[in-house]
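Working through the structure, step by step
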Amino acid sequence: MSKAAAFAAFDPTSPLAPFQLERREPGAHDVLIDILYCGVCHSDLHTVRGEWSGTIYPCVPGHEIVGRVSKIGAEVTGFAVGALAGVGCMVDSCRTCESCELGLEQYCDRGQVRYTYNSKDKLGPGPVTYGGYSSQIVVDEAFCLRISDKLPPAGAAPLLCAGITMWSPLKHWNAGPGKKVGVVGLGGLGHMAVKLSHAFGAHTVMFTSTPAKAEDARRLGADEVVITSDAAAMKAQAGKFDLILDTVSASHNLDTYTSMLRRDGTLTLVGIPEVPHPSPGVGKLLSRRRAIAGSQIGGIAETQEMLNFCAGHGIVSDVEIIPIQQINEAYARMARSDVKYRFVIDLASLTT
Ligand code: NAP
Ligand code: ZN
Ligand code: ZN
C-alpha cells in the first residue's frame, strides 16, 4: 500500500479539504498512475453534495484522469512506465455478462460497474473507491486508456467523461451529414457535444440559457445558437431535429424539446438532476413516434476509439486549469453555469 494526497468532501455542505488515502500495491494486471490533471464534472458536485442518494464520506471525486504510468504489474502488456494513461468513470465491471462482452461495460447486466469513486472497493484498501482529486491511482489496465502524446494532457482529461458521454449517443443515434442535432446546455458535456457533432458533419444547434455564451458556441462549432428564453426562436425549431442531447443538470420541462423532434426523432437525456423532470406529455411523443432515451458514458473500447479520433482531429476540451485549492470556488461557479467550459485540476498543486 502507498499513501496518496487528496482532497475530499467530508459531508454534503462543508468545503472540500485535504485528505490522505491509501492506494493498493499494484497487482499483476494493475498500473500505478501519477495523476497530472483531473477534470471537474458536474457529477462530482452532485455526488459530494449528496444530491444523488448513496454518497459515502469522505468522498474523493474525480473521473477525468490523465497521468503518467509510474509502475506496472508483472502481467501488464498495454502500458509502459512513463506512458500517458487515462482513467474515466469506471475502474471495473463483471467483464463476463453480455453487455460487458460487447464492450458496453457501463451497462453491465449484473450491475457490477465499479465506478472510479464512491463505489464499494472489494480490492481495498479503502471501503470505497477514491477518484482523481488525488496524487496517484491504481487501476487494472483493462480499464485504463491510452492517451496520445499529440493531445495536451489537461485538455484531454475531460474527454474521459464529458467527451465519451457525448460521443456514445452521437454514434448510437448516427449523427452525421444530413442530420440535425440539438445540444441543450453549454457546460462541460455540452461543449464536447458541439465539437463532436460538428466534427461528424451534423447540422448542430446549441440551446443555451446564457446569452453571453452564444459567440463561444459558434466558435466551438454550432451552426445555430438559440437562447432558451427567446420564445419565438424556440418555437421556430419545432419538428426539426433527429436528435437532441439534453445535458442540463437541473430539472426542467421536457416537452419543450420533444416538440422540436421530427418524426422518429430522439431526445436523449444525459443530465442527472437531483429533482426528477416533470412527466413529459404523451401526446407530443405519440403524434410523431418520438422517443425519450437516456445514455450513460461509454464503454472502454469506445472510449479508446473516441480518444484516437480526438488525437487525429485535434479535438480537446476548452479548459480552465485550477490548483486544487480553488476547487470549492470552481464548484460555486459550476453551480451557476459559469464554466468555460471545463475546470481541470493541476495535481502538481497538491502537496503531500
Ligand atoms: P455543467 O458543466 O455544469 O453544464 C451544465 C449546463 O446546463 C450549464 O452550464 C448550463 O448551460 C445548463 N443549465 C441550464 N439550466 C441550468 C440550471 N438550472 N442549473 C444548472 N445548469 C443549467 O455540467 P456537466 O458536467 O456538463 O454535466 C451535466 C449533467 O450531466 C450533470 O447532471 C451531470 O451529472 C450529468 N452527467 C451525466 C453523464 C452520463 O453518463 N449520462 C456523464 C457526465 C455527467 P447554459 O448556461 O448553456 O444554459
Ligand atoms: Zn463525469
Ligand atoms: Zn457485466
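Each remark here, short or long, concerns the structure printed above.
Residues numbered from 1 in each chain as written. Chains lettered and ligands numbered in written order. Predicted model: local features only at pLDDT ≥ 70, side-chain atom pairs only at ≥ 80, totals over all residues. Heavy atoms only, no water.

1. Things to note about the coordination of the zinc ion (ligand 2)
Six octahedral donors at a metal ideally form angles of 90 or 180 degrees, and four tetrahedral donors ideally form angles of 109.5 degrees. Taken together, Cys41 (SG), His63 (NE2) and Cys161 (SG) make up the full set of protein donors to the zinc ion (ligand 2), lying 2.0 to 2.2 Å away. Between the donor residues of the zinc ion (ligand 2), the gaps in sequence give the motif C-x21-H-x97-C. Taken together, the positions of Cys41 in the loop between β3 (30–39) and α1 (42–48) and Cys161 in the loop between α3 (153–156) and α4 (162–172) put the pair 120 residues apart, joining distant regions of the chain. Of the residues examined, Cys41 reaches a relative accessible area of 3% and is grouped as buried. (Donors = N, O, S within 2.8 Å, 3.2 Å for Na, K, Ca; no water. Helix = DSSP H or I, 4+ residues; strand = E, 2+ residues; numbered from the N terminus. Buried < 20%, exposed > 50% of the residue type's maximum accessible area, 1.4 Å probe, protein only.)

2. Some words on the sheet that holds strand β10 (residues 180–184)
In space, the six strands of this open sheet follow the order β12-β11-β10-β13-β14-β15, with parallel pairing throughout. Of all strands in the sheet, those with a lone pairing partner are β12 (224–227) and β15 (291–294), marking the two edges. Put simply, the sheet's adjacent strands are angled 20° from each other on average, direction ignored. Strand direction decides the pairing type here: strand β13 (residues 241–246) and strand β14 (residues 261–269), joined by five bridges, are parallel. What sits directly across from Leu245, in β14, is Thr268. α4 rests against β10, β13 and β14 of the sheet, and its axis sits at about 160° to β13. (Pairing = 2+ DSSP bridges. Axes fitted to C-alpha atoms, helices over the stretch in contact; angles between N-to-C directions. Contact = heavy atoms within 4.5 Å.)

3. Re the coordination of the zinc ion (ligand 3)
Distances from the zinc ion (ligand 3) to its protein donors, namely Cys94 (SG), Cys97 (SG), Cys100 (SG) and Cys108 (SG), fall within the range 2.3 to 2.4 Å. Coordination geometry of the zinc ion (ligand 3): the four donor atoms subtend angles of 102 to 120° at the metal centre, consistent with an arrangement described as tetrahedral. One chain supplies every donor to the zinc ion (ligand 3), and in sequence these donors are spaced C-x2-C-x2-C-x7-C. Cys108 shares its class with Cys100; the two are buried. (Tetrahedral: all angles 85-135°; square planar, octahedral: opposite > 155°, others 65-115°.)

4. Re the nonpolar core
Of all hydrophobic cores here, the largest spans 101 residues; its most connected members are Tyr133, Ile327 and Tyr331. A total of six residues in this core trace back to one element, the largest contributor, which is helix α10 (residues 300–313). One finds Val184, Phe207, Met234 and Leu267 within the second-largest nonpolar core, a separate group that totals 13 residues. (Core = buried A, V, L, I, M, F, W, Y, C linked by side-chain atoms within 4.5 Å.)

5. Some words on the pattern of salt bridges
Tallied over the entire structure, the rule returns 17 salt bridges. A salt bridge links Lys180 to Glu224; its shortest N-O distance comes to 3.5 Å. Taken together, the positions of Lys180 in strand β10 and Glu224 in strand β12 put the pair 44 residues apart, joining distant regions of the chain. The class for Lys180 is buried, based on a relative accessible area of 11%. (Salt bridge = Lys/Arg side-chain N within 4 Å of Asp/Glu carboxyl O.)

6. A few points about the site of ligand 1
Near ligand 1 lie 30 residues; those nearest to it are His42, Thr208, Ser209, Thr210 and Arg342. Between ligand 1 and His46 there is a distance of 2.8 Å, counted from an oxygen atom to a side-chain nitrogen or oxygen. One of the backbone N or O atoms of Ile272 is found 3.0 Å from an oxygen atom in ligand 1. At the level of secondary structure, the elements contributing two or more residues to the shell around ligand 1 comprise α1 and α5 (188–199). In terms of residues, the shell around ligand 1 owes the most to one element, α1, which gives three residues. (Near = heavy atom within 4 Å. Polar contact = N/O pair within 3.5 Å; in protein donor to acceptor, adjacent residues only side chain to side chain.)

7. Here we look at the packing of aromatic side chains
For any pair of aromatic rings, the description rests on two quantities: the centre-to-centre distance and the angle between the ring planes. For the structure shown, the criterion picks out seven aromatic pairs. Ring centres of Phe207 and Tyr257 lie 5.6 Å apart, and the angle between their planes is 75°; on these two criteria the pair is classed as edge-to-face. Of the two residues, Phe207 is situated in strand β11 (residues 203–208) and Tyr257 in helix α8 (residues 255–258); the sequence distance between them amounts to 50 residues. Pairwise contacts between aromatic rings join Phe10, Phe19 and Tyr130 into one cluster. Its end group placed over the ring of Phe241, Lys180 keeps NZ or CZ at 5.1 Å from the ring centre. (Phe/Tyr/Trp six-rings, centres within 6.5 Å; stacked < 30°, edge-to-face > 60°. Lys NZ or Arg CZ within 6 Å of the ring centre and 35° of its normal.)

So far we have only geometry, and geometry alone does not tell us how the molecule works.
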